[in-house]
Amino acid sequence: YLIDYSNGNLIWKNDHDVSFMSQIQIDNDKFYVLDANNTFICFSLQNGEKLWQFKSEKKLINSQKQTSVVINEENVIFNNSKGEIISLDKFNGNLNWITPTIEYGESFQSFLVKTSELVLSEDSIYFSNNKDSFFSLDVNLGFVNWRQNVSSYLRPIVIDNIILTISPKGYLYILEKNS
């Protein structure tokens with residue numbers, strides 16, 4: 001649904017067969033979302049029409065945690081329920097790169113993985129999961145800049161050259177952003 005916030009009137013309604021499991025990110029006249037079948041979709045904000053879609057591998061059981069979406073000038077980057085970070089061209093949906101963040105054997109239990117929100121800062125993406133992994137990825141190529149053994153599924157906070165996060169046991173971690 002798109003509703004006029006000033007008067008509550010319905011602007012348009014569009015039915016989708018599968019529930020959405022990601023944040024909705026709006027960029028100019030489009031919005032982006034991942035559905036429960038691991039299909040990432042770009043919709044028109046004007047009329048709700050599907051502009052393009054990208055299908056990643058469907059999982060039998062999905063994580064109950066909402067997945068994250070970030071946007072820069074040219075790309076839309078998201079995590080799916082399989083534990084992958086995927087970058088697509090935001091204008092046509094073409095694949096830029098895919099980076100797995102959990103081991104192949106663990107991907108069968110990906111419904112147990114809780115991943116933090118993705119944070120885009122300069123040319124890196126920062127995020128963590130409850131499987132003792134905190135990552136910095138290169139936003140342009142998807143390469144792992146570094147990985148630390150830090151378990152967290154809370155959104156990391158980037159301040160200047162440091163990253164702050166808190167573990168499920170309540171420990172505060174302070175990481176240097178570049179290394």
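Shown above is the structure to which this text applies.
What counts, and where the lines are drawn
Residues numbered from 1 in each chain as written. Predicted model: local features only at pLDDT ≥ 70, side-chain atom pairs only at ≥ 80, totals over all residues. Heavy atoms only, no water. Pairing = 2+ DSSP bridges. Helix = DSSP H or I, 4+ residues; strand = E, 2+ residues; numbered from the N terminus. Axes fitted to C-alpha atoms, helices over the stretch in contact; angles between N-to-C directions. Buried < 20%, exposed > 50% of the residue type's maximum accessible area, 1.4 Å probe, protein only. 1 Å grid on protein atoms, 1.4 Å probe; cavity = no way out; pocket = protein on both sides within 12 Å on 5 of 7 lines; lining within 4 Å. Points joined across faces, edges and corners; volume = space filled by probe spheres on them. Core = buried A, V, L, I, M, F, W, Y, C linked by side-chain atoms within 4.5 Å. Contact = heavy atoms within 4.5 Å. Polar contact = N/O pair within 3.5 Å; in protein donor to acceptor, adjacent residues only side chain to side chain.

Caption draft 1: Structural context of the sheet that holds strand 17 (residues 172-176). Sheet architecture is open: three strands sit in the order 15-16-17, paired in antiparallel fashion. Each having just a single partner strand, strand 15 (157-159) and strand 17 make up the two edges of the open sheet. Averaged over all pairs of adjacent strands, the angle between strand axes in this sheet comes to 25°, irrespective of strand direction. Summarising the sheet, strand 16 (residues 162-166) and strand 17 pair through five bridges and their orientation is antiparallel. Looking across to strand 17, one finds that T165 is bridged to Y173.

Caption draft 2: Local environment of the pairing of strand 12 (residues 124-129). The element strand 12 is extensively covered by neighbouring structure, given that six of its six residues are classed as buried. Looking at chain direction, strand 11 (residues 119-121) and strand 12 are connected through three bridges and run antiparallel. Bridge assignment links L120 to a residue of strand 12, and that residue is I125. Here strand 11 folds back onto strand 12 in antiparallel fashion, the turn holding two residues, of which E122 has a positive phi close to 55°. Linkage of strand 12 to strand 13 (residues 133-138), two consecutive antiparallel strands, is achieved through a turn of three residues, within which D132 is found at a positive phi near 65°.

Caption draft 3: Structural detail: the layout of surface pockets. Space inside the largest pocket adds up to approximately 320 Å³. Around the largest pocket, the lining is made up of 14 residues, and of these Y1, W12, N14, F20 and F31 lie nearest the centre.

Caption draft 4: Quick look at the nonpolar core. Counting residues in hydrophobic clusters, the biggest one holds 12 residues: M21, Y32, L34, F40, C42, W52, F54, V69, V76, F78, I86 and L88. For this core, the secondary structure elements donating two or more residues are strand 4 (30-34), strand 5 (39-44), strand 6 (50-55), strand 8 (75-79) and strand 9 (84-89). In contact with V69, other than residues within four places in its own chain, are S22, Q23, Q25, F40, V76, I77 and F78.

Caption draft 5: Quick look at the environment of N96. Positionally, N96 belongs in strand 10 (residues 95-100). Take N96: its relative accessible area is 36%, and that puts it in the partly exposed class. For the pair N96 and V76, spaced 20 residues apart in sequence, the C-alpha to C-alpha distance is 9.7 Å. Of note is the side chain of N96, whose polar atom sits 2.8 Å from the side chain of N75.

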